[in-house]
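Observations on chain architecture
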Amino acid sequence: MQQSTCTMPERPTVDRLLDAPLPQLLAETGVEIVDSSIPDREFFGAAIQRKNGDFILAMPTGRSELEHDTMARYLLAQVFDVDLPRLPAPFVTTGF
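About the thresholds
Residues numbered from 1 in each chain as written. Predicted model: local features only at pLDDT ≥ 70, side-chain atom pairs only at ≥ 80, totals over all residues. Heavy atoms only, no water. Buried < 20%, exposed > 50% of the residue type's maximum accessible area, 1.4 Å probe, protein only. Helix = DSSP H or I, 4+ residues; strand = E, 2+ residues; numbered from the N terminus. Arc of directions from axis to C-beta. Contact = heavy atoms within 4.5 Å. Polar contact = N/O pair within 3.5 Å; in protein donor to acceptor, adjacent residues only side chain to side chain. Phe/Tyr/Trp six-rings, centres within 6.5 Å; stacked < 30°, edge-to-face > 60°. Lys NZ or Arg CZ within 6 Å of the ring centre and 35° of its normal. Salt bridge = Lys/Arg side-chain N within 4 Å of Asp/Glu carboxyl O.

1. Concerning helix H2 (residues 22-29)
Every α-helix winds through 3.6 residues per turn, so residues three or four apart in the chain are directed the same way. Every buried residue of H2 is listed here: Leu22, Leu25, Leu26 and Thr29. Here the buried residues of H2 occupy an arc of 100° about the axis, which is enough to place them on one side. Across H2 from its buried face, at more than 90 degrees, point the exposed residues Pro23 and Ala27. The elements touched by buried residues of H2 are helix H1 (14-19), strand E1 (32-36), strand E3 (55-60) and helix H3 (65-79).

Here it is as structure tokens:
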């Protein structure tokens, strides 16, 4: 059995998390976005850690670019423990 060689990328700063172009931020953190098949309108995305330690963001399709970008950045903040204010209701994060 091969052991994982995944190492956690350096935690982005708040400024970097909020200001960097999302594709660049994803490349720097090694996180990939995948389409989620969850049709629930109340589902805004999930950060999932694979067995090898890598993270993916499962994001719903058909959402606005602003919503997609905002939720991806917020989930990245949760993954890398970047101190951001909690999102207002009805948004809820669990499992972090």
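2. Concerning the side chain of Arg73
With respect to the element layout, Arg73 can be found in helix H3. Overall, the relative accessible area of 10% leaves Arg73 in the buried class. Only 2.6 Å separates the side chain of Arg73 from the backbone oxygen of Leu17, close enough to count as a polar contact.

3. Considering the packing of aromatic side chains
Tallied over the entire structure, the rule returns 0 aromatic pairs. The ring of Phe44 is capped by Arg63, whose NZ or CZ atom sits 5.3 Å from the centre of that ring.

4. Some points on the pattern of salt bridges
Counted under the stated rule, the structure contains 4 salt bridges. Linking Arg50 and Glu32 is a salt bridge whose minimum nitrogen-to-oxygen distance equals 3.9 Å. Placement of the pair is Arg50 in the loop between strand E2 (46-49) and E3 and Glu32 in strand E1, with a sequence separation of 18 residues. Among the salt bridges present, the one from Asp69 reaches Arg73, with a minimum N-O distance of 2.7 Å. Remark: Arg73 and Asp69 occur in helix H3; sequence separation between them is 4 residues, near one turn of the helix. The class of Asp69 is partly exposed, set by a relative accessible area of 23%.

5. Topic: the environment of Val31
Mapped onto the elements of the fold, Val31 is located in the loop between H2 and E1. We classify Val31 as buried; its relative accessible area is 6%. For the pair Val31 and Ile48, spaced 17 residues apart in sequence, the C-alpha to C-alpha distance is 9.9 Å. When sequence neighbours within four positions are dropped, the list of residues in contact with Val31 reads Leu26, Phe55, Ile56, Leu57, Leu76 and Phe80.

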